[in-house]
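In case you want the letters, here they are:
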Amino acid sequence: MSLLRGKASVDLRKVWSPALVVLVLVIVLTGCGSSGSNSGGGNGGSGGGGGQQGGTLTILAASSLTDAFAELGNIFEQHNPGTTVKTSLGASSELLAQIQQGAPADVFASAAQEEMNTAVKDGLVAGKPEVFVKNREIIMVPKDNPANIKDLEDLSKPNIKLVLAAKDVPAADYALEILGKANKVYGSGFKQEVLSNVASREADVRASVNRVVVGDADATFGYKSDYTPDIRDKVKVMTIPPKLNIIATYPIAALKDAKEQGLAKKWVELVTSKEGQRVLKKWNFEPAAD
């Protein structure tokens, strides 16, 4: 028995070979890794488990919304930590063409119903668009007003250098509508006389306003919202008689192929909220409810 007892008391330091130690360590570490693999809660970027939602919200918006949407973008990012708002601005007609061609975007905000109606007809919109704000047109001239333009009627004077936005841009279409109405007041040839003074067509309304700001044009049609603080020392505003002016309605909608449907819905909710309407009013837009 003493012999057996002796055999049983083998030195364990010899049994625990280096290879066996490595094997045990691998098993232990693998088990630890498995137990921690679900610590993130499987939220997949949903914002659960105390994490940030993140993501990039891409908005295609009419250029007249430049300043208002910049401010709203900052507010949105504050409300949704980790989220980035990317706004692409331009003429509503051009933005519609981009959407039709498959440009990646989550939200479309147009300066006219026509472009949004086309987007709906083409099946590009998710849900029903909402009119979120209104706008009116004005005439802008350089601060020194070299052509001595005092009102809408003066735009028909010879040698006026008038600039308009490009054809099919809502701001330009509204201007033509105004001139058509004015024919009944200033004579049947008034519209054509004004159009004969058009020196150039610009990509969008902000581009046409800029031509006046830098002194390259005598006048242009723009929106009230285009009369921003940074240009008020460079231009004068001529109002258009209310009976001849238009009311531009701005619809907004999430897009059907939006990658960030949740964020798109939140953006629409923001611009239609009291907070959003306050910001839009600050930039000379009119509430949609008025």
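What you see is a predicted model, and the numbers here were worked out from it, not measured in a lab.

J.: For the environment of I138, give the residues involved together with the corresponding values.
T.: Looking at the secondary structure, you find I138 in strand 5 (residues 137–142). Accessibility expressed as a relative area gives 7% for I138, which makes it buried. In this structure the C-alpha to C-alpha distance between I138 and D226, which are 88 residues apart in sequence, comes to 9.1 Å. Not counting residues within four places of it along the chain, the set of residues in contact with I138 comprises T220, F221, G222, Y223, K224, Y227, V237, M238 and I240.

J.: Can you break down empty space enclosed by the protein residue by residue, with the values?
T.: Over the atoms a probe the size of a water molecule is rolled, and this reveals where empty space is left. One pass over the full model with this rule turns up one cavity of 30 Å³ or more. Considering only enclosed or pocket space, the largest cavity measures out at about 40 Å³ in volume. Every residue lining the largest cavity is counted, 13 residues in all, and those nearest its centre are A62, S63, A111, V169 and V205. A breakdown of the residues in the lining of the largest cavity according to their chemical character gives eight nonpolar, four polar and one charged.

J.: Which residues make up the nonpolar core, and what values go with them?
T.: Grouped together as the largest cluster of nonpolar side chains are 69 residues, with contacts concentrated most on L65, F69, F132, L152 and W267. Ranked by the residues each element gives to this core, the list is headed by helix 7 (residues 170–186), at seven residues. Among residues more than four places away in sequence, those in contact with F69 are I59, A61, A109, F132, I252, W267 and V271. Counting twelve residues, the second largest nonpolar core, distinct from the first, contains A119, L124, A253 and L255.

J.: Can you lay out the sheet that holds strand 7 (residues 198–202) for me, pointing to particular residues and giving the numbers?
T.: Spatial ordering of the open sheet is given by 7-6-8-5-9, a layout of five strands whose pairing is mixed. With one partner strand each, in any of the chains shown, strand 7 and strand 9 (235–238) form the two edges of the open sheet. Strand-to-strand twist across the sheet, computed as the mean angle between neighbouring axes with direction ignored, equals 35°. Examined bridge by bridge, strand 5 and strand 9 share four bridges and lie antiparallel to one another. Bridging across to strand 9, M140 finds its partner in V237. Across the sheet, helix 7 touches strand 5, strand 6 (162–165), strand 7 and strand 8 (219–223), and the angle it forms with strand 8 is around 110°. Sheet contacts for helix 9 (residues 205–213): strand 5, strand 6, strand 7, strand 8 and strand 9; angle to strand 8, the most-contacted strand, approximately 135°.

J.: Account for helix 11 (residues 274–282), with residues named and values stated.
T.: Listing the buried residues of helix 11 in full gives G276, Q277, V279 and L280. All buried residues of helix 11 fall inside an arc of 160° around its axis, so they share one side. For helix 11, the exposed residues lying more than 90 degrees away from the buried face are K274, K281 and K282. Those residues of helix 11 that are buried lie in contact with helix 4 (66–79), strand 4 (125–135), helix 10 (261–272) and strand 11 (286–287). Directly after helix 11, the chain includes N284, whose backbone phi takes a positive value near 75°.

J.: Report on the packing of helix 4 against helix 10, specifying residues and quantitative values.
T.: At a closest axis distance of 11 Å, the pairing of helix 4 and helix 10 adopts a crossing angle of 120°. When the interaxial angle is binned, helix 4 and helix 10 end up oblique. When the axes of helix 4 and helix 10 are compared, the crossing they make is right-handed. Contacts from F69, L72, G73, I75 and F76 in helix 4 reach L263, K266, W267, L270 and V271 in helix 10.

J.: Before we move on, can you summarise the pairing of strand 5 with the specific residues and values?
T.: Among the six residues that make up strand 5, six are buried, leaving the element largely enclosed by the rest of the structure. One ladder, built from four bridges, connects strand 5 with strand 8; its direction is antiparallel. Across the sheet, residue M140 finds its bridge partner in strand 8, namely T220.

Thresholds, definitions, all that
- Residues numbered from 1 in each chain as written.
- Predicted model: local features only at pLDDT ≥ 70, side-chain atom pairs only at ≥ 80, totals over all residues.
- Heavy atoms only, no water.
- Helix = DSSP H or I, 4+ residues; strand = E, 2+ residues; numbered from the N terminus.
- Buried < 20%, exposed > 50% of the residue type's maximum accessible area, 1.4 Å probe, protein only.
- Contact = heavy atoms within 4.5 Å.
- 1 Å grid on protein atoms, 1.4 Å probe; cavity = no way out; pocket = protein on both sides within 12 Å on 5 of 7 lines; lining within 4 Å.
- Points joined across faces, edges and corners; volume = space filled by probe spheres on them.
- Nonpolar A, V, L, I, M, F, W, Y, C, P; charged D, E, K, R; others polar.
- Core = buried A, V, L, I, M, F, W, Y, C linked by side-chain atoms within 4.5 Å.
- Pairing = 2+ DSSP bridges.
- Axes fitted to C-alpha atoms, helices over the stretch in contact; angles between N-to-C directions.
- Arc of directions from axis to C-beta.
- Parallel < 35°, antiparallel > 145°, perpendicular 65-115°, else oblique.
- Left-handed = near helix turned anticlockwise from the far one by under 90°.

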